Amino acid sequence: MTGRLQVLIILSVFLLAFDYYCFKAILSVFKNWKPRTKRFFGVVWWTYTCVLVVGVFAAIFMPTSLPRYLSIRSIIMVAFFLTVACKLVMLPFLLVDDLRRGIIKLSGSSNKKDIPLAGDETANLVAETSGSTISRSSFLIKAGMITAAIPLSSLSWGIISGAYDYKIKRRTLILPNLPKAFDGIKMGQISDIHSGSFYNRKAVLGGVEMLLGEKPDFIFFTGDLVNNVATEMRDYQDIFSKVKAPLGVYSTLGNHDYGDYQFGRDPSPAKAKNLKDLIATHKVMGWDLLMNEHRRLKVEGEEIGILGIENWGMGRFPKYGRMDLAVKNTDDLPVKLLLSHDPSHWRGQVLTDYPQIDAMFSGHTHGMQFGVRTEHYQWSPVQYLYKEWAGLYQEQNQQLYVNVGYGFLGYPGRVGILPEITIFELKRA
């Protein structure tokens, strides 16, 4: 039995037990339902649960070559994510009620009619005090159900409205040593496409057209073209092949592009082939993939450097990048722009060891696809993991820009932190 299968079985048992707990709690509140209504509710509840669990197993293990595999998997994972999120929000209310009942039972001071726990279908929910219209138990459980509807509605709206609601962020990037020929030049950036998560070709194409409509002189793509395997680009390669610019499109790899999450960290023939296919995809699309190397971008006889490294991240993320190779033979270039997928690389290595880098461009965080972002304020839970997670940062003479991503991963939507297309105007000091 594989490790992945063992984990899925354990999670499934946990989720079924969790479902049973919630199911009993709901029945205890609506004890006046007719037997036929209870049976119908039970059939619907457990049919949905069983279909969902089986669907998750199928989504994980079904052959990726099946027609519409990605669309089917997306639908299953959306349903699974929303279901679990809502029940997790409801859980604290049920636990509080059970804790309250347990304390009352142990103290021996309760009305025995209110002792049964939330998961007990036979709970008597008569008023605990004379004149009450609802018991404390009924109030807590119904409050939990109402509260669970909040993430259901907001997360559902994030899927319907936020997943493909591309926003253009305009930034002026001041570079003191920028050659005169580059003053006012326009650069675009997209990041974290995660093509394996997409389910709407028309919307994806719309975002690409928005980028091209800005007419950038050159474009950066800062990693995570796919979720796990190169074949995920099969249905979207033609769309992203349209991403062109007069001075070129430059790209780099992200942590998801190596196949580590599909094939494991250890080398294998299948993993090597997958990476080879992904590199070929960049080439077919006409993107210049930078693997620990640099390019000289020339305009009217003047040059700047574009450097790109493989993924380099703090903590559990792989450090494949080689800055020593990327900066080799670049000392004469007055400005150096670095593509590096993970923003933790900036503070982890670039600031301390490579002061010659003028600006670094990253993605990776997605802004956790949830939070608040306005012109003058931004917040997301991801800020407790990453000091630099969205927007422009500066320390001494070095700058970092973190793009919150074009696509999505896991949760198939965005709430507050919308998909981003960044347009920079390069300016001399």
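Below is a short write-up of the structure.

**A word on the packing of aromatic side chains**
How two aromatic rings sit relative to each other is set out by the distance from centre to centre and by the angle between their planes.
Argument step 1. Taken as a whole and assessed by the stated rule, the structure comprises 25 aromatic pairs.
Argument step 2. Seen from their ring centres, Phe41 and Trp45 are 5.6 Å apart, and the 50° between their planes marks the pair as tilted. In this pair, Phe41 and Trp45 are both assigned in helix 2 (residues 35-61), four residues apart and thus about one turn of the helix distant. Taken individually, Phe41 and Trp45 each receive the classification buried, so the pair is uniform in this respect.
Argument step 3. An aromatic cluster is built from Tyr164, Tyr166, Phe198, Tyr199, Tyr236, Phe240, Tyr406 and Phe408, whose rings are joined through pairwise contacts.
Argument step 4. Sitting over the ring of Trp312, Lys319 keeps its end group 5.0 Å from the ring centre.

**Looking at the sheet that holds strand 14 (residues 420-427)**
Argument step 1. As summarised here, the arrangement of the six strands in space is 1-14-2-3-4-5, forming an open sheet in which the pairing is mixed. Sheet topology places strand 1 (167-174) and strand 5 (288-289) at the edges, where each strand pairs with a single neighbour.

**Some points on helix 8 (residues 269-284)**
Argument step 1. An ideal rise of 1.5 Å per residue puts 22 Å on 16 residues; helix 8 measures up with 22 Å between its terminal C-alpha atoms.
Argument step 2. All of the buried residues in helix 8 are Lys271, Asn274, Leu278, Thr281 and His282. All buried residues of helix 8 project into a common sector of 100° when viewed along the axis, lining one side. Looking at helix 8, the residues exposed on the side facing more than 90 degrees away from the buried face are Pro269, Lys273, Lys276, Lys283 and Val284.
Argument step 3. On its buried side, helix 8 packs onto strand 3 (218-222), helix 6 (237-240), strand 4 (249-252), helix 7 (260-263) and strand 5.
Argument step 4. Looking one or two places after helix 8, you find Gly286, whose phi comes out positive at around 85°.

**Re unusual backbone geometry**
Argument step 1. Notably, Asn292 is not glycine yet its phi reads approximately 60°, a positive angle.
Argument step 2. Taking relative accessible area as the criterion, Asn292 reaches 10% and is therefore assigned buried.
Argument step 3. Even without being glycine, Met368 reaches a positive phi, approximately 60°.
Argument step 4. Relative to the assigned elements, Met368 resides in the loop between strand 9 (359-362) and strand 10 (372-373).

**Focus on the side chain of Asn403**
Argument step 1. Its place among the elements puts Asn403 in the loop between strand 13 (398-402) and strand 14.
Argument step 2. Separated by 3.4 Å, the side chain of Asn403 and the backbone oxygen of Gln189 make a polar contact.
Argument step 3. A distance of 2.8 Å separates a polar atom in the side chain of Asn403 from a polar atom in the side chain of Thr422.
Argument step 4. The residues touching Asn403, leaving out its near neighbours within four places in the chain, are Gln189, Ile190, Ser191, Ser362, Gly363, Glu420 and Thr422.

**A few points about the pairing of strand 6 (residues 293-299)**
Argument step 1. By the bridge criterion, seven bridges tie strand 6 to strand 7 (residues 302-308) in an arrangement that is antiparallel. Bridge pairing links Lys298 to Glu303 in strand 7.
Argument step 2. Where strand 6 folds back on strand 7, the antiparallel hairpin that results is connected by two residues, among which Glu300 adopts a positive phi of roughly 50°.

**Examining the sheet that holds strand 8 (residues 336-339)**
Paired through their backbone hydrogen bonds, the strands of a sheet run either parallel or antiparallel.
Argument step 1. With respect to topology, six strands assemble into an open sheet ordered 6-7-8-9-13-12, the strand pairing being mixed. The open sheet terminates on both sides in strands that have one partner only, identified here as strand 6 and strand 12 (391-395). Strand-to-strand, the axes of this sheet are offset by a mean angle of 20°, without reference to chain direction.

**Quick notes on the pattern of salt bridges**
Once the charged atoms of two side chains with opposite charge are near each other, the side chains can pair.
Argument step 1. One pass over the structure, following the stated rule, counts 16 salt bridges.
Argument step 2. Lys273 is paired through a salt bridge with Asp277; the nearest N and O atoms lie 2.9 Å apart. Of this pair, Lys273 and Asp277 both sit in helix 8, separated by four residues, roughly a single helical turn.
Argument step 3. Looking at Asp277, the relative accessible area reads 31%, which means it is partly exposed.
Argument step 4. Salt-bridge contacts for Arg347 lead to Glu388; the nearest nitrogen and oxygen are separated by 2.6 Å. Here Arg347, found in helix 10 (residues 344-353), pairs with Glu388, found in the loop between strand 11 (378-379) and strand 12; they are 41 residues apart in sequence, far enough to count as distant.
Argument step 5. Classification of Arg347 by relative accessible area gives partly exposed; the value is 31%.

About the criteria used
Residues numbered from 1 in each chain as written. Predicted model: local features only at pLDDT ≥ 70, side-chain atom pairs only at ≥ 80, totals over all residues. Heavy atoms only, no water. Phe/Tyr/Trp six-rings, centres within 6.5 Å; stacked < 30°, edge-to-face > 60°. Helix = DSSP H or I, 4+ residues; strand = E, 2+ residues; numbered from the N terminus. Buried < 20%, exposed > 50% of the residue type's maximum accessible area, 1.4 Å probe, protein only. Lys NZ or Arg CZ within 6 Å of the ring centre and 35° of its normal. Pairing = 2+ DSSP bridges. Expected span 1.5 Å × (residues − 1). Arc of directions from axis to C-beta. Contact = heavy atoms within 4.5 Å. Polar contact = N/O pair within 3.5 Å; in protein donor to acceptor, adjacent residues only side chain to side chain. Axes fitted to C-alpha atoms, helices over the stretch in contact; angles between N-to-C directions. Salt bridge = Lys/Arg side-chain N within 4 Å of Asp/Glu carboxyl O.

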